[in-house]
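# Chains, contacts and geometry: an overview
The chain contents come next:
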Amino acid sequence: MSLLEVGLAGVVARGLTLTRTPRAGLALADGAFFATLLGAGLSAGVSLATVAVWRAGLGLARLVAVVGGRGRARSPTSVGLPSEPTGSPLGEWLHRTAFRVLASLPPRLARRTRAGVFKVLFSLSEDPWRYDMLPYERRKRVALVDGVPPAAGDAGPIVELGCADGHNLQALADGYPHTRIVGLDISPLAVTAARRRTAHQSHVQVEQADARGAGAALQAVGVSSIAVLVVAEVLYYLGGPAQLAVELKTLAPLLKPSAVLILVHGTSDAERLHPAAVTALDCSTTDRVIIDDPYRPFVVETARASDDPH
Ligand SMILES: C[S@@+](CC[C@H](N)C(=O)[O-])C[C@H]1O[C@@H](n2cnc3c(N)ncnc32)[C@H](O)[C@@H]1O
């Protein structure tokens, strides 16, 4: 399939589905495009990367058009962007399914494809999920930081797996100015963005690491124990419940006795993936708060490692 055909398929899919109902339209367009690429014989990873590029490109074009037209871009409303993330259950399902397929590929291929997808995403924008702009993301961030028990946060280190461009790291660092805070992400571009964002916070460190290599990456920078492990909006990139045991295996031994695990995901992802993550990390749930957010309810789950030293 030529690039021209890929582009045309995207434009047709979007044109067919986006006219009346943007949320469902986006999802359907994504699905149609993804299926077209798969049908044309592309691998799941490449198809997903192409859809991601297509989506990000459209967003960028829209932003450029609006900013160019109005001259000033200050808030989501002023640039004509939605004030909450766009998405739909179908879109989410497709997204999750694509990453589950990816996770079942041979490990090295899965890691390279994932890294490629996030490289594309972060090369199009340092903030692909618009954490800077969206009130929903801010609400989640506040709930996440509030979920950290102060004693554990003060004790540190705090580690975030899949820190993206460092929004959570920055907020955690503001809340815990004397604690060592380490962010890990598979994407080197995300790491660069997170380092830049937290450059003024010398107690924050950001390293590139895939989830499977997280334990070794932490030990390489002298982190041999974790007091608080944050995993937010990441689990569905690691595969389904069965794959989490493998993906998170190297982190469990680093959790201090009574270390705190904070998981933050939308309710359906939380129901599907939190129990497996808690088990994989050898923890027990102590609190599970459902935040009935007007945009998309999410869960802040707190679990504790056993108080027996490993
Ligand atoms: C949706 S963002 C979540 C960012 C942040 N945790 C939050 O809650 O806002 C997911 C991040 O996880 C990273 N990621 C995905 N798969 C990963 C893996 N296998 N290992 C490490 N990071 C990964 C991506 O690069 C991306 O930056």
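Below: a short report on this structure. (Residues numbered from 1 in each chain as written. Predicted model: local features only at pLDDT ≥ 70, side-chain atom pairs only at ≥ 80, totals over all residues. Heavy atoms only, no water.)

### Focus: the overall build of the chain
For the chain, the count of helices and strands is 12 helices and 7 strands. Counting only residues that meet the buried cut, the chain has 49% of its 310 residues in that class. In the chain, the proportion of contacts linking residues at least 24 apart, taken out of those at least 6 apart, comes to 69%. (Helix = DSSP H or I, 4+ residues; strand = E, 2+ residues; numbered from the N terminus. Buried < 20%, exposed > 50% of the residue type's maximum accessible area, 1.4 Å probe, protein only. Contact = heavy atoms within 4.5 Å.)

### Quick word on the site of the ligand
Close contacts around the ligand come from 19 residues, with E160, G162, D185, A211 and A232 the closest. Here E160 contributes a side-chain N or O atom positioned 2.7 Å from a nitrogen atom of the ligand. One nitrogen or oxygen atom from the side chain of N168 is found 3.2 Å from an oxygen atom belonging to the ligand. Summarising the interface, the protein chains cover 98% of the accessible area of the ligand, which totals 590 Å² for the free molecule. Per element, the largest residue contribution to the shell around the ligand is 3 residues, and it comes from helix α5 (residues 107–124). Considering only residue class, the shell around the ligand consists of 12 nonpolar, 2 polar and 5 charged. Summarising the domain contributions, the shell around the ligand has at least three residues from each of domain 1 (3–124) and domain 2 (135–305). (Near = heavy atom within 4 Å. Polar contact = N/O pair within 3.5 Å; in protein donor to acceptor, adjacent residues only side chain to side chain. Areas by Shrake-Rupley, 256 points an atom, 1.4 Å probe, with all protein chains shown as cover. Nonpolar A, V, L, I, M, F, W, Y, C, P; charged D, E, K, R; others polar. Domains from an automatic or database assignment.)

### Topic: helix α4 (residues 89–103)
Structural remark: α-helix, 3.6 residues per turn; residues separated by three or four positions point the same way. Taking 1.5 Å of rise per residue, 15 residues should cover 21 Å, and α4 covers 21 Å from first to last C-alpha, within 8% of that figure. Considered for burial, the residues of α4 that qualify are G91, L94, R96, A98, F99, L102 and A103. (Expected span 1.5 Å × (residues − 1).)

### What to know about unusual backbone geometry
Geometrically, the link from G156 to P157 is a cis peptide bond, its omega value of -10° lying close to zero. Locating P157 in the fold gives a position in the loop between α7 (150–155) and β1 (158–161). Positive phi, normally seen in glycine, also occurs at A164, with a value near 50°. A relative accessible area of 6% means that A164 is categorised as buried. Positive phi, close to 65°, is recorded for S258, a residue that is not glycine. Looking at the element boundaries, S258 is found in strand β5 (residues 255–266).

### Focus on the packing of aromatic side chains
Describing an aromatic ring pair means giving the distance of the ring centres and the angle of the ring planes. By the definition in use, this model includes 9 aromatic pairs. Note on F118 and W129: the rings are 6.4 Å apart at their centroids and 40° apart in plane angle, and the pair reads as tilted. Of this pair, F118 sits in helix α5 while W129 sits in the loop between α5 and α6 (135–147), placing them 11 residues apart in sequence. Accessibility expressed as a relative area gives 6% for F118, which makes it buried. Ring pairing ties together the aromatic residues F99, F118, F122, W129, Y131, Y236 and Y237, which thus form one cluster. A cation over a ring is seen here: R96 above Y236, with NZ or CZ 3.6 Å from the ring centre. (Phe/Tyr/Trp six-rings, centres within 6.5 Å; stacked < 30°, edge-to-face > 60°. Lys NZ or Arg CZ within 6 Å of the ring centre and 35° of its normal.)

### So, empty space enclosed by the protein
Per the counting criterion, the structure on display carries 1 cavity of 30 Å³ or more. Counted as a void, the largest cavity has a volume near 40 Å³. Lining the largest cavity, in full, are P107, A110, R111, R114, D210, R212 and E247. Among the elements that take part in the lining of the largest cavity, α5 stands out by supplying 4 residues, more than any other. Class assignment of the residues belonging to the lining of the largest cavity gives a composition of 2 nonpolar, no polar and 5 charged. (1 Å grid on protein atoms, 1.4 Å probe; cavity = no way out; pocket = protein on both sides within 12 Å on 5 of 7 lines; lining within 4 Å. Points joined across faces, edges and corners; volume = space filled by probe spheres on them.)

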